[in-house]
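Descriptive analysis of the structure
Residues per chain, in single letters:
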Amino acid sequence: MSDILRRDPRREWIARNRLHPEHLSVLAELGEDASAATEWMGPNGVIRRNPHAVGFMGPNGVKRIDRSGAQQGGQAAAGAAEAKDSRRQVTIEDPAFLVAVVPDMSGGRLSSHDRDLLGLARQLADADGERPGAVLAVVFGTHKEEAFNEAGVDRLLHFDDGLFDGHAPEARLAALAVVEAELAPSHWLLPDSKLGGADLGRRLAARLQERPAAGVWQIEPDATTPLGWRCTGRGAAGTTDIQRALPRIVLALAECAEPVSETRHAAQTLALTQPLPSLLARIEDLGSVAVDPAGVALAEAEFILSAGNGVKEWEGFHHAAKMLGATEGASRVAVDDGYMPRDRQVGATGTWVTARVYVAVGISGAIQHLQGIQSCEKVVAINVDPGCDMIKRADLAVIGDSASILTALVEMVARLREEKRNAA
Ligand SMILES: Cc1cc2nc3c(=O)[nH]c(=O)nc-3n(C[C@H](O)[C@H](O)[C@H](O)COP(=O)(O)OP(=O)(O)OC[C@H]3O[C@@H](n4cnc5c(N)ncnc54)[C@H](O)[C@@H]3O)c2cc1C
């Protein structure tokens, strides 16, 4: 019997349609307790979600949604565990070709831009089911990433020599040239970002004497082009979109593709057989310069501690920001009330921030504020109201009084630093 998955669109439709008379029996057939089923695996391995399964029946038969956060948290945690377990394992033993991705790895981890790029690479690698390709991640310097497999990486080439740490475009380019000579990837994908990818990608294109596509935000199959794909990228200083045949070297923007979320890959380590050329670098990285986080522009800050109307002890807030090494931000109310300067306002009419960690202290989560933090990677909310919109948006929520939580946080950080000092 063929092992091709056969879909039954009618059954899938019934599973989604809670008003259908056979809804419960079809959910049960799919192997779930229908009353509790919020997620189940569809026939093609894609996770299906039933938003109507959230909540509970009140005493008068009306459905209630628990806004205390307890149910949401529980479901989210259970959902995360389930989603983790339900990822389909994909192993590509003998790839027909390689798609090379050079992530920025800012802060030693895959950024959301890097993950989007890996999603784009998967589109290229998985397009032909008969001839699957493998996604090769080329990573430089020391890193802390542990989930290359969940981000869609089949092969991992790690250059961990200290030579590649910091700003080392010449050494990195030399290594990429060796990868090109030895593995000849079908495509090179780099983030079109200020964190190194844009510069390295253009250097690589010059070295390989190939014209790259920059500012790419979409690719589509197109049999009339030499490589079978066309791409759309921003052009004319971001004022227009340009479509062209997809070249081999692609510099892609954030959100160019959906990051991988439903499969787990081998992330098998590769090593080159050829040695890297010895190099006399003309650029020397003297290391990063410590800056006062308070002076960092909000739009560029990586870690923001932001205050709202729920902050009552301002001295404690400023002390906490200093202790944590965070850049200060604020809601409009905190600014209008004169507690924070106007240039610290986050939101639609303030600054749109892209921090890796955004801690919202006593901020309710009005839509104008949430707009300004939509690109933040992780949001932590400190609030007395478990039902407020900021708690719903947050990846981690702490329910309680802002002053006492910040005091406890500062004490904990001081204690940990002390312990580290004593151990050293
Ligand atoms: C055109 C327009 C543009 C706007 N642009 C922006 C913008 O760019 N940025 C922006 O921020 N707002 C903007 N606003 C305002 C926005 O609508 C909200 O009014 C504002 O964001 C609310 O600020 P807040 O969350 O600090 O205050 P509140 O809404 O008053 O919320 C305070 C929060 O603190 C919590 N809290 C209270 N006491 C404590 C305590 N002791 N400990 C912990 N938590 C506590 C409360 O539960 C509440 O959730 C705009 C509004 C308009 C109309």
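Cut-off values and rules
- Residues numbered from 1 in each chain as written.
- Predicted model: local features only at pLDDT ≥ 70, side-chain atom pairs only at ≥ 80, totals over all residues.
- Heavy atoms only, no water.
- Pairing = 2+ DSSP bridges.
- Helix = DSSP H or I, 4+ residues; strand = E, 2+ residues; numbered from the N terminus.
- Axes fitted to C-alpha atoms, helices over the stretch in contact; angles between N-to-C directions.
- Contact = heavy atoms within 4.5 Å.
- Near = heavy atom within 4 Å.
- Polar contact = N/O pair within 3.5 Å; in protein donor to acceptor, adjacent residues only side chain to side chain.
- Areas by Shrake-Rupley, 256 points an atom, 1.4 Å probe, with all protein chains shown as cover.
- Nonpolar A, V, L, I, M, F, W, Y, C, P; charged D, E, K, R; others polar.

Read from one edge of the open sheet, 9 strands run 12-11-10-13-9-6-7-8-15, paired in mixed fashion. The open sheet has two free edges, formed respectively by strand 12 (240-245) and strand 15 (268-270), since each of these has just one partner strand. Between one strand axis and the next, the sheet turns by 35 degrees as a mean value, whatever way the strands run. As defined by bridge partners, strand 9 (residues 187-191) adjoins strand 13 (residues 249-252) across 4 bridges and the pair is classed as parallel. Pairing of leucine 189 across the sheet is with valine 250, part of strand 13. Across the sheet, helix 4 (residues 112-125) touches strand 6 (98-101), strand 7 (134-140), strand 9, strand 10 (213-221), strand 11 (229-235) and strand 13, and the angle it forms with strand 9 is around 160 degrees. Against the sheet, helix 5 (residues 169-183) touches strand 6, strand 7, strand 8 (155-159), strand 9 and strand 15, its axis set at about 155 degrees to strand 7.

In this section: the site of the ligand. Lining the immediate environment of the ligand, one finds 24 residues, of which Ser331, Thr349, Ser364, Asn383 and Asp401 sit closest. In this structure, arginine 332 approaches the ligand through a main-chain N or O atom, which is 2.9 Å from an oxygen atom. Between alanine 348 and the ligand, the recorded distance is 3.1 Å, taken from a backbone N or O atom to an oxygen atom. Burial of the ligand by the surrounding chains reaches 73%, relative to a free accessible area of 980 Å². For the shell around the ligand, the elements supplying multiple residues, two or more each, are helix 8 (332-336) and helix 9 (367-372). Looking at side-chain class alone, the shell around the ligand contains 6 nonpolar, 15 polar and 3 charged residues.

What follows concerns the sheet that holds strand 16 (residues 303-307). One open sheet holds the 5 strands; their spatial order is 17-16-18-19-20, and the pairing between them is parallel. Each edge of the open sheet is held by one strand with a lone partner, namely strand 17 (327-330) and strand 20 (396-399). Within this sheet the neighbouring strands show an average axis-to-axis angle of 20 degrees, counted without direction. Bridging between strand 18 (residues 357-361) and strand 19 (residues 378-383) involves 5 bridges; their strand directions are parallel. Within strand 19, the residue paired with tyrosine 358 across the bridge is valine 379.

Geometry only, nothing functional implied.
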